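# What the coordinates show
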Amino acid sequence: MASDQEEDEFLGFSDDEGDGTNSDSDYDDDEATQNAESEVNAHQIGDFEHNQQLPDLNEVGQEYAHECEVGPQHTSGISDNHSVPFLFDLNMPAQQEFPPSPIHQTETEQNHHKPRTPRINNELRLEILLFLLLRKEKHSDELIHGTNRQAVIKFGYTRKTIRLIWQRALAHKAAMNSYFYDSKYHNCGRKRIQVTYESIASIGMGDRTTIIDLARMLNLSPTTVWRMVKRKQIKPHSSPLNPGISEECKMARMKWVLGLLMDYSIPNDPTYYSMYDFIHIDEKWFYLTQKSQRVYLANNEPFPHRKGKSRTKIPKFMFMAAVARPRWGQDGQCEWDGKLGIFPFTDAVAAKRTSKNRVKGTIETKPIKSVNQIATRAMLINYLIPAIKEKWPPHEGEKVIYIIQDNAKAHILQNDQEWQQHYKQDGFTLILTQQPANSPDCNILDLGFFRSIQSLMHKKMPKTVEDLSGDVTEAYNELHAKTLSNVWMSLQYVGNEILKHKGDNNYQLPHNKKKILEDEGNLPEQVKAPRWAVNECKQLVDEWRANQ
């Protein structure tokens, strides 16, 4: 059997509790225990706030031991007035006088809802490095005492992270005489697949019309190719069919653009006219519906069923539109939207006989059988001239206005006899001018305005030809004046492209971020042309005239 002293030590009793006297050995043990407790507190005080009292683990264990009583069993060698304590009493509810120490909580209990420290980025690395450099001792690479602790408190990262940033910066300074703070995180992870320019350019155009075809030719997955398109490593393009340009047409296009430049600005600072005295007119077919109309439906919504007599004979009307450049005030408000009107080539005809659709004599809207010079002349004299006199800004007074049209055979020229009787009215002098042949990009309407009107018109989904005429007019009036103003700006940038390519049309329509320039207040009213392109085109035109 174990001795009484061993049993007392196991149960948590000391000798002074048994006999009421203190021995020298007991005093030495108590003093050693107090010294050990002071060392633990001094070691752990760095992780707690100042004057925070740490729990004494030994006292907690002994308190619990004294609180728990023992049953009727006794251990031999111990007096009857002392009982052996249990660790807990099953008959009494658990009592906890001391809260559990936070240093004894498990990691799951402490950090269950704690968010993970975000990965440090290069901007924050630079901020930490500048913070440390400002607290560096002069003529030395040592930091002032307490700098690391201040950085830990301010930025919320560990001492190790702060120390590594500083040590790495010192190492790069010693090697390259410059501090370096960038990380190598971009080198981690799976490397992206690289596709060279030659590997794509060597594939035939017919073999890369879709993402699946291109992926098959590159031996990649379609998803990988799609991600490259999103990263702009591969550029999708829809190739339009452009009209053919002859040498004579190239010279005509160059002369046309050079004529839009102010004479006194050439050659030092070539600048386009403001074009406020220009009117662009053009004709376009508007169809009652499209062969294929895209819509988005609800989950259980039935598919719409559209039907017509023939897909090749969809009802259509031809319209003539006339636009000028909008006027804007100094406060940015639109003073005039530049819209002169859009006029259909239609006739109101009475029905000759009764049918299931209408009775005899009902007025119907019918398209003109042939849009020829007679119809065009009547449209200009009866509709366009009154619209100009009615809607042109009155404060501009008498004005010479140039009406620009294409070279269609149905158009009349300035020397037309009947037109000569009407082109001067009420202070207005209207001059008909033809744009270069095969040059739809030299007309405001073909350049982008008709496309915008057509998009708005098809959203209305007209059912009858009467609805078509009204919806086209409504879409023309609804279109914002800023859209028309942007197209006039694009016309000047297109002129620059014509000069750069020596009259050819082998270029993409320019996008000059007009919205961003407008927000910054840098959107020009008159665009400047490249001086080198103007000089080269003038030289080519002069040589061509000399050879004629």
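Above this note sits the structure.
Only a predicted model underlies this, so the values are computations on that prediction, with no experimental measurement involved.

### Observations concerning the overall build of the protein
Along the backbone of the protein there are 19 helices and 10 strands. Counting all 548 residues of the protein, 30% fall into the buried class. Nonlocal contacts in the protein, meaning residues at least 24 apart in sequence, comprise 66% of its contacts between residues at least 6 apart. If you sum the accessible surface of the protein, you get close to 37800 Å²; carbon and sulfur atoms cover 51% of it.

### Some thoughts on the sheet that holds strand β9 (residues 424-425)
Spatial ordering of the open sheet is given by β5-β2-β1-β8-β10-β9, a layout of 6 strands whose pairing is mixed. In this open sheet, the two edge strands, each paired with only one partner strand, are β5 (339-344) and β9. Where β9 meets strand β10 (residues 428-434), 2 bridges bridge the pair, whose relative direction is antiparallel. In the strand pairing of β10, Gln425 is matched with Phe428.

### Regarding the packing of helix α6 (residues 122-133) against helix α8 (residues 159-176)
Direction vectors running N to C along α6 and α8 enclose 75°, while the axes themselves pass 10 Å from each other. The angle between α6 and α8 falls in the class roughly perpendicular. On α8, the residues that touch Arg125, Ile128, Leu129, Leu132 and Leu133 of α6 are Ile162, Ile165, Trp166 and Ala169. Residues that form the contact of α6 with α8 fall into these classes: 8 nonpolar, no polar and 1 charged.

### Details of the packing of aromatic side chains
A complete count under the given rule lists 7 aromatic pairs for this structure. Ring plane angle 85° and centroid distance 5.4 Å describe the contact between Phe286 and Phe319, whose orientation is recorded as edge-to-face. Of this pair, Phe286 sits in strand β1 (residues 278-287) while Phe319 is found in strand β2 (residues 316-324), placing the two residues 33 residues apart along the sequence. With respect to burial, Phe286 and Phe319 carry one shared label: buried.

### With respect to the pattern of salt bridges
Going through the model one piece at a time under the given rule, you end up with 16 salt bridges. A salt bridge links Arg358 to Glu364, with the shortest nitrogen-to-oxygen separation between them at 2.8 Å. By relative accessible area, Arg358 is classed as partly exposed at 23%. The class of Glu364 is buried, set by a relative accessible area of 18%.

### Quick notes on α8
Counting along an α-helix, one turn takes 3.6 residues, and residues three or four places apart therefore face a common direction. Between its terminal C-alpha atoms α8 stretches 26 Å, which fits the 26 Å expected from 18 residues at 1.5 Å a residue. Its buried side turned inward, α8 meets α6 and α7 (147-155). Just downstream of α8, Asn177 is the residue with a positive phi angle, here 60°.

### Things to note about a nonpolar patch on the surface
A surface patch of nonpolar side chains, amounting to about 390 Å² of accessible area, comprises Val295, Leu297, Phe303 and Met461. Within the secondary structure, Met461 sits in the loop between α15 (444-460) and α16 (465-478). Assessed through its relative accessible area of 38%, Met461 is described here as partly exposed.

### A closer look at the nonpolar core
Formed by 48 residues in total, the largest nonpolar core has its most connected members in Tyr272, Phe286, Phe449, Ile453 and Leu499. Contributing elements (two or more residues each) for this core: α12 (247-259), β1, β2, α15, α16, α17 (481-500) and α19 (531-547). Top contributing element to this core by residue count: α17, with 9 residues. With residues up to four places along the chain from it excluded, the contact list for Ile453 reads Phe286, Val472, Ala475, Tyr476 and Leu479. Counting 27 residues, the second-largest nonpolar core is a separate cluster that includes Trp336, Ile401, Ile403 and Tyr423.

### A word on the side chain of Thr224
With respect to the element layout, Thr224 can be found in helix α11 (residues 222-230). A distance of 2.7 Å separates the side chain of Thr224 from the side chain of Ser221, its partner in a polar contact.

### Some points on the environment of Glu364
Along the chain, Glu364 turns up in strand β7 (residues 363-367). Once the C-alpha coordinates of Glu364 and Asp347 are considered, the two residues, 17 residues apart in sequence, prove to be 8.2 Å apart. The contact partners of Glu364, leaving out residues within four places of it in the chain, are Asp347, Ala348, Val349, Ala351 and Arg358.

### Focus on helix α10 (residues 211-218)
Within the sequence span of α10, burial applies to Leu214, Ala215 and Leu218. One side of α10 carries all its buried residues, which in axial view fall inside an arc of 100°. Opposite its buried face, α10 presents the exposed residues Ile212 and Arg216, each directed more than 90 degrees away. Contacts from the buried residues of α10 go to α9 (197-201) and α11. At the exit of α10 stands Asn219, carrying a positive phi of roughly 60°.

### What to know about the environment of Leu220
Tracing the backbone through its elements, the reader meets Leu220 in the loop between α10 and α11. C-alpha of Leu220 to C-alpha of Ile193: the two residues are 27 residues apart in sequence and 9.2 Å apart in space. When near neighbours in sequence (up to four residues on either side) are disregarded, Leu220 contacts Ile193, Val195, Ala215, Val225 and Met228.

### Overview of the pairing of β5
Along β5, 5 of the 6 residues are buried, which leaves the element largely enclosed by surrounding structure. Bridge count between β2 and β5: 5 bridges; the pairing is antiparallel. Bridge pairing links Met320 to Phe343 in β5.

The rules behind these values
- Residues numbered from 1 in each chain as written.
- Predicted model: local features only at pLDDT ≥ 70, side-chain atom pairs only at ≥ 80, totals over all residues.
- Heavy atoms only, no water.
- Helix = DSSP H or I, 4+ residues; strand = E, 2+ residues; numbered from the N terminus.
- Buried < 20%, exposed > 50% of the residue type's maximum accessible area, 1.4 Å probe, protein only.
- Contact = heavy atoms within 4.5 Å.
- Areas by Shrake-Rupley, 256 points an atom, 1.4 Å probe, with all protein chains shown as cover.
- Pairing = 2+ DSSP bridges.
- Axes fitted to C-alpha atoms, helices over the stretch in contact; angles between N-to-C directions.
- Parallel < 35°, antiparallel > 145°, perpendicular 65-115°, else oblique.
- Nonpolar A, V, L, I, M, F, W, Y, C, P; charged D, E, K, R; others polar.
- Phe/Tyr/Trp six-rings, centres within 6.5 Å; stacked < 30°, edge-to-face > 60°.
- Salt bridge = Lys/Arg side-chain N within 4 Å of Asp/Glu carboxyl O.
- Expected span 1.5 Å × (residues − 1).
- Patch = residues over 30% accessible without salt bridge, like charges linked within 9 Å, V, L, I, M, F, W, Y side chains within 5 Å.
- Core = buried A, V, L, I, M, F, W, Y, C linked by side-chain atoms within 4.5 Å.
- Polar contact = N/O pair within 3.5 Å; in protein donor to acceptor, adjacent residues only side chain to side chain.
- Arc of directions from axis to C-beta.

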